[in-house]
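# Report on the structure
Read off the chains here:
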Amino acid sequence: MSTVAVIGAGYVGATTAACLAWLGHDVTCADIDATRIDRLAAGQVPVLEEHLADLVAAGLAAGRLRFVTDSAAASGAADFVFLCVPTPAGATGAADLSAVDAVCRRIAPHLRPGAVVVNKSTMPVGSVRRVASALAEAGAVPGRYGVASNPEFLCEGRAVRNFLEPDRIVIGADDPAVAERVRRLYREIDAPVVVTDPESAEMIKYAANAYLATRVTFVNSIAALCEQVGADVADVMVGMGHDRRIGSRFLAPGPGYGGSCLPKDVAALTHVAERVGADADMLRAVMRTNERQRRRVVETAKRLVGGRLDGAVVAVWGLTFKAGTDDLRDSPALDIAERLVDAGAIVRAYDPAGGARAAVLVPGLDVVASPYLACKEADLLLVLTEWDDFRHLDFGRVHQVMAVPAVLDTRNVLDPDLLRALRFSYTGNGRR
Ligand code: NAD
Ligand code: UGA
């Protein structure tokens, strides 16, 4: 059992803290957001994450998990300090490490001899060295602490499962003893462990996210091409996915990739490539094509309402960046809804998890409490996230309340045969 401080109590920090406590460690999680900390200390999880509330409750009850606002005190009592603070894209696309720097300044003078600072936030190549120097500059005694990269690969909505049953654990450290100590924290987890140098560990994280973004972009491009040539992307992806070199996961077309990570990590990797003079053409093309995908959805919606969005009534189902989360950060769905509002459409949206905050973020967006209310007098139903609930609605009732029974299903979640039998005009994404 080790004593661990986790700095940052967001999707990654709260999950890391609760899971490490579940694995038997003594964990203190610190965040500057006092409201968030009060809620977590009372067992209320501020984000939608399956199983997280149960693990937080179990950790609190066992006395192995606590939530505080004082990151210095938490770090001063810890053998390991996990940095789980945001690293958003700055103005140039480069990762903004100001939160990491602020934490280093705050915790450095308090680190115990032998403490290991673990970079779990996504940070560009060179960040282990940068954190080591920032700690030294802020008063940590050189040679008495270690720094390692241990990037996180969890997906929102499945964070706890991904943390406890990961595809792999990656640890990057110059000192093999430091890497071994980090590895031992995870000894209860059965997964391949990749131990490497800091730069390679940091690059693994960016390369993985850039690959996933490229894969989604590729699928979206093939879907668009399928529409032009009369092929059906659903069958094409099944046929491709059987190839074991390709695999069938992460091959669903949609309105473009979004969320708090893929967009910012592709931008940050592009920035690094440009800075060192490496070829960034492919990454730039991925970003461009992904942006075009959002516009493509708006253009198709416009065509389906008769060529004029101004005054058209559009029902939107789904506002978060994907199903299973309440996260609206860089959500293609929210962005598309906003573009429709800006074009003069009357947009009534329903989302099972992120609706209330969406209404605040996009003035003019009418967020309603049910999928049927969203469809009232609508000229088009636009499906933007792949919530399973959408499949099982009463489409007879949907048909009744709409002014024009037309559906644009960017995620291919609805059953085209059922909808056509009910006399909807159905447009999928890349479908025949
Ligand atoms: P988040 O915004 O949900 O949470 C970050 C938390 O850090 C917030 O609660 C914020 O109040 C807190 N914070 C900010 N500055 C602080 C400071 N100086 N001291 C203490 N707390 C501070 O972010 P997240 O989604 O958990 O992402 C965190 C990092 O993990 C990012 O680098 C991200 O790229 C990476 N990551 C995220 C995911 C994901 O699915 N969200 C997955 C893998 C990696
Ligand atoms: C992603 C990665 O999958 C995680 O491994 C990584 O840890 C995380 O980013 C991160 O670094 O933060 P996440 O942001 O939760 O996880 O979302 P994904 O499930 O990867 O989806 C990203 C975007 O791609 C979403 O907008 C989603 O709708 C879209 N997508 C995904 C598709 O359009 N089609 C697919 O087949 C898969």
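This one's a predicted model, so the numbers in the text were calculated from it and none came from an experiment.

Time to look at the site of ligand 1. Near ligand 1 you find 26 residues, and of these Val-12, Asp-31, Thr-87, Glu-156 and Lys-264 are the closest. Interatomic distance of 2.9 Å between a backbone N/O atom of Val-12 and an oxygen atom of ligand 1. Here a nitrogen atom of ligand 1 and a side-chain polar atom of Glu-156 are 2.8 Å apart. A per-class count over the shell around ligand 1 returns 12 nonpolar, six polar and eight charged.

Here we come to the pattern of salt bridges. Going through the model one piece at a time under the given rule, you end up with 28 salt bridges. As a salt-bridge pair, Asp-79 and Arg-112 come within 2.8 Å of each other at their nearest N and O atoms. One end of the pair, Asp-79, is in the loop between helix H4 (71-76) and strand E4 (80-83); the other, Arg-112, is in the loop between helix H5 (98-107) and strand E5 (115-119), with 33 residues separating them in the sequence. Arg-112 gets classed as partly exposed once you look at its relative accessible area, which sits at 32%. With a shortest N-O distance of 3.4 Å, Arg-183 and Glu-180 are connected by a salt bridge. One end of the pair is Arg-183 and the other is Glu-180, both in helix H8 (residues 176-185) and three residues apart, which spans about a single turn. Using a relative accessible area of 35% as the deciding quantity, one classes Arg-183 as partly exposed. Through salt bridges with shared partners, one network takes in Glu-291, Arg-294, Arg-295, Asp-330, Asp-335 and Arg-339.

The full set close to ligand 2 counts 19 residues, and Leu-154, Lys-205, Ala-252, Cys-261 and Arg-411 are the nearest of them. Separating an oxygen atom of ligand 2 from a side-chain N or O atom of Lys-322 is a distance of 3.0 Å. At 2.8 Å from an oxygen atom of ligand 2 is found a side-chain nitrogen or oxygen belonging to Arg-411. Computed on the free molecule, ligand 2 has an accessible area of 710 Å², of which 91% lies beneath the protein chains in the complex. Here the shell around ligand 2 is composed, by residue class, of 12 nonpolar, two polar and five charged.

Among the residues making up H8, those that are buried are Val-178, Ala-179, Val-182 and Leu-185. Looking straight down H8, one finds its buried side chains confined to an arc of 110°; they lie on one side. As for H8, its buried residues are in contact with strand E1 (3-7), E4, E5, strand E6 (145-149), strand E7 (169-172) and strand E8 (193-196).

Further remarks concern the domain arrangement of the chain. If you check the domain split of the chain, you get domain 1 (3-196), domain 2 (206-287) and domain 3 (295-428). Measuring from the centre of the C-alpha atoms in domain 1 to the corresponding centre in domain 2 gives 29 Å. Summed over both sides, the interface of domain 1 with domain 2 buries roughly 800 Å², with 61% coming from carbon and sulfur. Taken together, the links from domain 1 to domain 2 amount to zero salt bridges. Counting across the interface, domain 1 meets domain 2 through one residue pair in polar contact (both at pLDDT 80 or more). For the side of domain 1 that touches domain 2, a count of residues per class yields seven nonpolar, four polar and two charged.

Here the focus is helix H9 (residues 198-229). The end-to-end C-alpha distance of H9, which contains 32 residues, comes to 47 Å, matching closely the 46 Å that a straight helix rising 1.5 Å per residue would cover. Two or three places before Glu-199, at the opening of H9, Asp-197 has a side-chain oxygen 3.2 Å from that residue's backbone nitrogen. A positive phi of about 80° marks Gly-230, the residue just after H9.

Okay, the environment of His-271 next. The topology assignment puts His-271 in helix H11 (residues 262-276). Each C-alpha atom, one on His-271 and one on Tyr-257, is 19 Å from the other, the two residues being 14 residues apart in sequence. Non-local contacts of His-271, meaning those with residues more than four positions away in its chain, are made with Thr-92, Gly-93 and Ala-94.

Turning to the pairing of strand E13 (residues 406-409), a few remarks are in order. Residue alternation in E13 divides its side chains into two sets, Ala-406 and Leu-408 and Val-407 and Asp-409, and both sets are buried. Here strand E12 (residues 380-383) pairs with E13 via three bridges, running parallel. When the sheet's bridge partners are listed, Leu-382 is paired in E13 with Leu-408. Taking the sense of rotation as the criterion, the β-α-β connection linking E12, helix H16 (residues 395-401) and E13 turns out right-handed. Across three bridges, E13 lies against strand E14 (residues 425-427) in parallel orientation.

Pairing is parallel across the open sheet formed by six strands, whose spatial order is E11-E10-E9-E12-E13-E14. Of all strands in the sheet, those bounded by a partner on one side alone are strand E11 (366-367) and E14. Of the pairings in the sheet, the one linking strand E9 (residues 313-317) to strand E10 (residues 346-350) comprises five bridges and is parallel in character. Looking at the pairing, Val-316 lines up with Ala-349 of E10. Where helix H12 (residues 281-304) meets the sheet, it contacts E12, E13 and E14, and its direction lies at approximately 170° from that of E13. Where helix H13 (residues 332-342) meets the sheet, it contacts E9, E10 and E12, and its direction lies at approximately 155° from that of E10.

Looking now at the pairing of E6. Of all five residues in E6, five are buried; the element is thus mostly enclosed. Here E6 shows two buried faces, one formed by Tyr-145, Val-147 and Ser-149 and the other by Gly-146 and Ala-148. Alignment of E5 against E6, held across five bridges, turns out to be parallel. Following the sheet pairing, Asn-119 is matched in E6 by Ser-149.

Here is what the cut-offs are and how they apply
- Residues numbered from 1 in each chain as written.
- Chains lettered and ligands numbered in written order.
- Predicted model: local features only at pLDDT ≥ 70, side-chain atom pairs only at ≥ 80, totals over all residues.
- Heavy atoms only, no water.
- Near = heavy atom within 4 Å.
- Polar contact = N/O pair within 3.5 Å; in protein donor to acceptor, adjacent residues only side chain to side chain.
- Nonpolar A, V, L, I, M, F, W, Y, C, P; charged D, E, K, R; others polar.
- Salt bridge = Lys/Arg side-chain N within 4 Å of Asp/Glu carboxyl O.
- Helix = DSSP H or I, 4+ residues; strand = E, 2+ residues; numbered from the N terminus.
- Buried < 20%, exposed > 50% of the residue type's maximum accessible area, 1.4 Å probe, protein only.
- Areas by Shrake-Rupley, 256 points an atom, 1.4 Å probe, with all protein chains shown as cover.
- Arc of directions from axis to C-beta.
- Contact = heavy atoms within 4.5 Å.
- Domains from an automatic or database assignment.
- Buried area = accessible area lost by both parts, 1.4 Å probe.
- Expected span 1.5 Å × (residues − 1).
- Pairing = 2+ DSSP bridges.
- Right-handed = clockwise from strand over helix to strand, strands pointing away.
- Axes fitted to C-alpha atoms, helices over the stretch in contact; angles between N-to-C directions.

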